[in-house]
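Listed below, chain by chain, are the residues.
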Amino acid sequence: MVLKLYGVAGWGSTNRILVILREKGVPYELHEVDTKNKEHKSAAFREKQPFGLTPYLDDDGFILYESRAISYYIAAKYANQGTQGLIPTDLKANALFQQALSNELCNFDSFARPLILGVLYQPQGVEVDHQAVDKMISALDEQLDVYDKILSKQRYLAGNELTLADLFHLTSGAVLPICGYHGLKTKPNVARWWNEISSRPSWQATK
Ligand SMILES: N[C@@H](CCC(=O)N[C@@H](CS)C(=O)NCC(=O)O)C(=O)O
């Protein structure tokens, strides 16, 4: 049974999974959720994704939501095909991978996301709060200074091998320039890392 992904092509959380499907060369069907008509807020949708957000995965009746968990499931299920090593198995390498996953979620995305929401997803008629945006940019920039130090010592976030943790940055990272943040291109080690991961064919085909 081919994997069925219920999401919206072009939206960050769906794109995060599409990158991993492409890295692993896994066939899938993308079922576009009719968000314009609030399908994702319906009771039937919430049976699958109780928070009423896209996406979710249906693997022959096995339902999973949260894009990072779905990506992990796909990379683990298809460990032997496509890009290798996205989930390190050695005890210490895996611990460093878990650390990098937490970095992405707690030290990157929880700073990037409010900025993206504040600039790109303002409700109609609500002005962008430029002072708040400047503060968010400067808070994110401090986080990426730390990334620059980490990446001065190793090629990727979990060590010298590419993992899911690196690829999880792509969706939010790609829209930061539109929000007025350019640190992914200006900090030398971050830029080297960002240029490498964002030029991967999986992302070029997804973005
Ligand atoms: N943490 C969730 C976030 C899901 C999420 O925020 N989805 C957004 C699209 S990227 C959505 O469905 N937004 C519609 C809404 O808020 O009504 C995940 O990674 O899957």
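Every value quoted in this text rests on a predicted model; they were computed, and no experiment measured them.

Asks: Teacher, can you tell me more about the UniProt feature "domain: GST N-terminal" (unreviewed entry) in the protein here?
Replies: When the UniProt feature table is mapped onto this chain numbering, "domain: GST N-terminal" (unreviewed entry) sits at residues 1–82. Structurally, residues 1–82 comprises 37% helix and 22% strand, and the distance from its first C-alpha atom to its last is 19 Å.

Asks: How should the domain arrangement of the protein be read in this particular structure?
Replies: Interface extent is often summarised as the accessible area lost during association of the parts. In terms of domain boundaries, the protein breaks down into domain 1 (3–77) and domain 2 (91–204). Placing the centre of domain 1 and that of domain 2 at their C-alpha centroids yields a distance of 22 Å. Of the residues lining the interface, 11 residues belong to domain 1; the matching set on domain 2 comes to 13 residues. Here domain 1 and domain 2 share an interface that buries about 1100 Å² over both sides, 64% of which is from carbon and sulfur atoms. Counting the surface domain 1 buries against domain 2, the share from its top three residues, R16, E23 and R68, is 47%. The interface formed by domain 1 and domain 2 includes three salt bridges. When the shortest N-O distance is used, the salt bridge between E23 and R200 registers 2.7 Å. Among the secondary structure elements, those contributing two or more residues to the side of domain 1 that touches domain 2 are α1 (12–24) and α3 (67–77).

Asks: Would you explain the packing of aromatic side chains in this entry?
Replies: Two aromatic rings are characterised by how far apart their centres lie and by the angle between their planes. Following the criterion strictly, the structure yields eight aromatic pairs and no others. Here the aromatic rings of F45 and Y56 are separated by 5.3 Å at their centres, their planes lie at 70°, and the arrangement is edge-to-face. Taken together, the residues span a long stretch of sequence, with F45 in helix α2 (residues 43–48) and Y56 in strand β3 (residues 56–59) at a distance of 11 residues. No difference in accessibility class separates F45 from Y56, as the two residues are buried. The rings of F108, Y147, W193 and W194 are connected pair by pair, giving a single aromatic cluster.

Asks: So what exactly am I meant to see when it comes to the pattern of salt bridges here?
Replies: Side-chain pairs of opposite charge can arise whenever the charged atoms involved come near each other. With the rule as written, the count across this model stands at seven salt bridges. Between E196 and R155 there is a salt bridge, and its shortest N-O distance comes to 2.9 Å. With E196 in helix α9 (residues 188–198) and R155 in the loop between α5 (130–153) and α6 (164–167), the pair connects residues that are 41 residues apart, well separated along the chain. What makes E196 partly exposed here is its relative accessible area of 23%. One network of salt bridges, in which partners are shared, links R68, E104 and D109.

Asks: Quick question: what am I supposed to make of the site of the ligand here?
Replies: Around the ligand, the neighbouring residues are W11, G12, S13, R16, H40, K41, L53, T54, P55, E66, S67 and R68. A distance of 2.8 Å separates an oxygen atom of the ligand from a polar atom in the backbone of T54. The side chain of S67 places a nitrogen or oxygen atom 2.6 Å from an oxygen atom of the ligand. When the ligand is considered free in solution it has 510 Å² of accessible area, and contact with the protein chains removes 76% of it. Taken together, the elements giving at least two residues each to the shell around the ligand come down to α1 and α3. Counting residues per element, the shell around the ligand draws most heavily on α1, at three residues. Of the residues contributing to the shell around the ligand, the split by class is three nonpolar, five polar and four charged.

Asks: Please explain the packing of helix α4 (residues 91–120) against α5 as it appears in this structure.
Replies: The axes of two packed helices give the description: the angle between them and the distance between them. Following both chains from N to C, one finds α4 and α5 inclined at 150°, their axes separated by 10 Å at the closest point. One way to sum up the angle between α4 and α5 is to call them roughly antiparallel. The handedness of the crossing between α4 and α5 comes out as left-handed. Two secondary-structure elements touch here, α4 through N103, E104, N107, F108, F111, A112, P114, L115 and V119 and α5 through V133, M136, I137, A139, L140, Q143, L144, Y147 and I150.

Asks: Got a minute to help me understand α3 in this structure?
Replies: One turn of an α-helix holds 3.6 residues; hence residues three or four places apart share an orientation. Listing the buried residues of α3 in full gives S67, R68, I70, S71, I74 and A75. Within α3, the buried residues cover an arc of 160° as seen down the axis, which keeps them to one side. Turning to α3, the residues buried within the fold contact β1 (3–7), α1, β3, β4 (62–65), α4 and α6.

Conventions used here
Residues numbered from 1 in each chain as written. Predicted model: local features only at pLDDT ≥ 70, side-chain atom pairs only at ≥ 80, totals over all residues. Heavy atoms only, no water. UniProt positions renumbered as here; feature names shortened; annotations may be inferred. Helix = DSSP H or I, 4+ residues; strand = E, 2+ residues; numbered from the N terminus. Domains from an automatic or database assignment. Contact = heavy atoms within 4.5 Å. Buried area = accessible area lost by both parts, 1.4 Å probe. Salt bridge = Lys/Arg side-chain N within 4 Å of Asp/Glu carboxyl O. Phe/Tyr/Trp six-rings, centres within 6.5 Å; stacked < 30°, edge-to-face > 60°. Buried < 20%, exposed > 50% of the residue type's maximum accessible area, 1.4 Å probe, protein only. Near = heavy atom within 4 Å. Polar contact = N/O pair within 3.5 Å; in protein donor to acceptor, adjacent residues only side chain to side chain. Areas by Shrake-Rupley, 256 points an atom, 1.4 Å probe, with all protein chains shown as cover. Nonpolar A, V, L, I, M, F, W, Y, C, P; charged D, E, K, R; others polar. Axes fitted to C-alpha atoms, helices over the stretch in contact; angles between N-to-C directions. Parallel < 35°, antiparallel > 145°, perpendicular 65-115°, else oblique. Left-handed = near helix turned anticlockwise from the far one by under 90°. Arc of directions from axis to C-beta.

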